[in-house]
Amino acid sequence: MKFSIVITTYNRLNLLQRAIDSALNQTMQCEVVVVDDCSSDNTQTYLKSLGNSVVYHRHEFNQGHAAAVNAGVAKASGDWIKFLDDDDYLAPNCLQEMAKAIALCPDAVICSCVAAQVDCNEVEISRTPQLGSGLAFYIPQADIHYGMLLELLPFGTPVQVACRRDAFLETGGWDSTLDANCDDIDSWIRIVQFGHAIFLNQCLAYRTIWPGAYNQKFSLTQRLATNILMKEKIYALVDEQYRSQVPLLQDIKNYLKLHWILVALKQRNIKSFLLMIDQSVFSPIAWRFLLTAFLSRRFPERNSHIRKFVLIDS
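The model shown is predicted, which means the values in this text are computed figures rather than measured ones.

So, how was this worked out
Residues numbered from 1 in each chain as written. Predicted model: local features only at pLDDT ≥ 70, side-chain atom pairs only at ≥ 80, totals over all residues. Heavy atoms only, no water. Core = buried A, V, L, I, M, F, W, Y, C linked by side-chain atoms within 4.5 Å. Buried < 20%, exposed > 50% of the residue type's maximum accessible area, 1.4 Å probe, protein only. Helix = DSSP H or I, 4+ residues; strand = E, 2+ residues; numbered from the N terminus. Contact = heavy atoms within 4.5 Å. Salt bridge = Lys/Arg side-chain N within 4 Å of Asp/Glu carboxyl O. Pairing = 2+ DSSP bridges. Axes fitted to C-alpha atoms, helices over the stretch in contact; angles between N-to-C directions. Left-handed = near helix turned anticlockwise from the far one by under 90°. Phe/Tyr/Trp six-rings, centres within 6.5 Å; stacked < 30°, edge-to-face > 60°. Lys NZ or Arg CZ within 6 Å of the ring centre and 35° of its normal. Polar contact = N/O pair within 3.5 Å; in protein donor to acceptor, adjacent residues only side chain to side chain. Patch = residues over 30% accessible without salt bridge, like charges linked within 9 Å, V, L, I, M, F, W, Y side chains within 5 Å. Areas by Shrake-Rupley, 256 points an atom, 1.4 Å probe, with all protein chains shown as cover.

**Re the nonpolar core**
Alright, step 1. Phe 83, Ile 110, Met 148, Phe 155 and Trp 188 are the most contacted members of the largest nonpolar core, which totals 45 residues.
Alright, step 2. When residues in this core are grouped by element, the largest group, 5 residues, is from strand S6 (residues 108-118).
Alright, step 3. In contact with Trp 188, not counting residues within four places along its chain, are Phe 83, Ile 110, Met 148, Phe 155, Gly 156, Thr 157, Pro 158, Val 161 and Trp 174.
Alright, step 4. Core analysis: the second largest hydrophobic core is formed by 36 residues, Leu 16, Ile 20, Leu 95 and Ile 102 among them.

**Observations concerning the pattern of salt bridges**
Alright, step 1. Under the definition given, this model contains 12 salt bridges.
Alright, step 2. Taking the shortest distance from any N to any O, the salt bridge between Glu 232 and Lys 253 comes out at 3.0 Å. Of the two residues, Glu 232 is situated in helix H8 (residues 220-237) and Lys 253 in helix H9 (residues 249-266); the sequence distance between them amounts to 21 residues.

**Looking at the pairing of strand S10 (residues 196-208)**
Alright, step 1. In terms of burial, S10 is a largely internal element, 10 of the 13 residues being buried.
Alright, step 2. Two elements, strand S5 (residues 89-90) and S10, share 2 bridges in a ladder whose sense is antiparallel. Within S10, the residue paired with Leu 90 across the bridge is Ala 205.
Alright, step 3. Here S6 runs beside S10; their pairing, made up of 10 bridges, is parallel. Within the sheet, the bridge partner assigned to Val 118 lies in S10 and is Thr 208.
Alright, step 4. Where strand S8 (residues 136-139) lies against S10, 4 bridges are found, and the strand directions are antiparallel. Residue pairing in the sheet places Ile 139 in a bridge with Ala 197 of S10.

**A closer look at the packing of helix H5 (residues 141-149) against H8**
The relative placement of two packed helices is expressed as an angle between their axes plus a distance between the axes.
Alright, step 1. Relative to each other, H5 and H8 sit at 145°, their axes nearing to 9 Å. Both H5 and H8 take part in a crossing whose hand is left-handed. Only Lys 231, Ile 234, Tyr 235 and Leu 237 of H8 make contact with H5, whose side of the interface consists of His 145, Met 148 and Leu 149.

**As for the packing of aromatic side chains**
Alright, step 1. Taken as a whole and judged by the stated rule, the model has 8 aromatic pairs.
Alright, step 2. Aromatic side chains Phe 83 and Trp 188 sit 5.4 Å apart centroid to centroid with 50° between the ring planes, which places their arrangement in the tilted category. Taken together, the residues span a long stretch of sequence, with Phe 83 in strand S4 (residues 80-85) and Trp 188 in helix H7 (residues 183-191) at a distance of 105 residues.
Alright, step 3. Within the aromatic cluster, the residues linked to one another by ring pairs are Phe 83, Phe 168, Trp 174 and Trp 188.
Alright, step 4. Above the face of the Tyr 235 ring, Arg 243 is positioned so that its terminal group lies 5.7 Å from the ring centre.

**Some details on the side chain of Thr 171**
Alright, step 1. Position of Thr 171 among the secondary structure elements: in helix H6 (residues 165-171).
Alright, step 2. Look at Thr 171 and you get buried, because its relative accessible area is 16%.
Alright, step 3. In terms of polar contacts, Thr 171 uses its side chain to reach the backbone amide nitrogen of Gly 173, at 3.3 Å.

**As for unusual backbone geometry**
Alright, step 1. Even without being glycine, Cys 38 reaches a positive phi, approximately 65°.
Alright, step 2. Looking at where Cys 38 falls in the secondary structure, it is placed in the loop between strand S2 (31-36) and helix H2 (43-49).
Alright, step 3. For Ala 180, which is not glycine, the phi dihedral falls at a positive 70°.
Alright, step 4. Looking at where Ala 180 falls in the secondary structure, it is placed in the loop between H6 and H7.

**What about H5?**
Alright, step 1. By the criterion of burial, H5 is predominantly enclosed, with 7 of the 9 residues buried.
Alright, step 2. When H5 is considered as a whole, its buried residues turn out to be Asp 143, Ile 144, His 145, Tyr 146, Gly 147, Met 148 and Leu 149.
Alright, step 3. Summarising the contacts, the buried residues of H5 are in contact with S8, H7, S10, H8 and H9.
Alright, step 4. Downstream of H5 by one or two residues, Glu 151 has phi in the positive range, about 60°.

**Things to note about the pairing of S6**
Alright, step 1. Burial analysis of S6 places 11 of its 11 residues in the buried class, the great majority of the element.
Alright, step 2. Relative to strand S9 (residues 162-164), S6 runs antiparallel, the two sharing 2 bridges. Bridge pairing in S9 places Ile 110 opposite Cys 163.
Alright, step 3. The antiparallel hairpin formed by S6 and strand S7 (residues 124-127) contains 5 residues in its connecting segment, where Glu 122 sits at a positive phi of about 65°.

**Some words on a nonpolar patch on the surface**
Alright, step 1. Among the surface-exposed residues, Leu 262, Leu 265 and Trp 287 lie close enough to one another that they form a single nonpolar patch of about 270 Å² accessible area.
Alright, step 2. With respect to the element layout, Leu 265 can be found in helix H9.

Structural data, given as structure tokens:
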């Protein structure tokens, strides 16, 4: 099993150096591919100074985040792709722990882990949700979209995720029309049609929360609209065995609206709040979904659905 870490970057040299260091310092050998989306700072000079320690590809003009990811995967030679944005970084044993779990589930096509969310000084703010209380879980392919629909499977952002390269290519890669607004989630939705999933309850990745993050350029209403689009895609792919158990799509949309309305209130973003507020705030089902999601994240060991997934010894 060979891993390729694909790092995409654009005018973030100070952060990129940290990301590359975390890739080169992995405890198992891997390939490091860096795609420079036509940076105008000293990124090119720095990357050329690294010589053969990285596979370097530079776009002749800026093409966006999704196109950079696709270019990186095309240049990679690994069986598995580990995604990494330039403002994030990995624990030294990230690939080693993922490889151990994947070896026990050879039909898996995607592997994710817990991530710490850190500020610009690398001080931990929070952690993404665990999946139950075990060390690692194998999720059969037939269960994945159902779990994603109900937010029981927190695959998360690129820093958390690795996927099999052949499955990625089979899907056609990331969608540039979504560029940095759920282009990653859209990819996971399609990749998991080709095999099983693994989730590691180990913190192996670090995501920086800062104003320069790609998703900060989108308004809350845009993020809500894309979240709804993702749920519609997932809903259409839920396995037949779960069809009688899934909520109405409108109830799921009401939950998402309620979530982003509350985000707008928390951020004191009155403009977005007024644009989004509607009858969803009066939906008891939406409030129940919101409470369930909160409790699931706060107390992962209480998640009764975990019994459906298979604990693996990684």
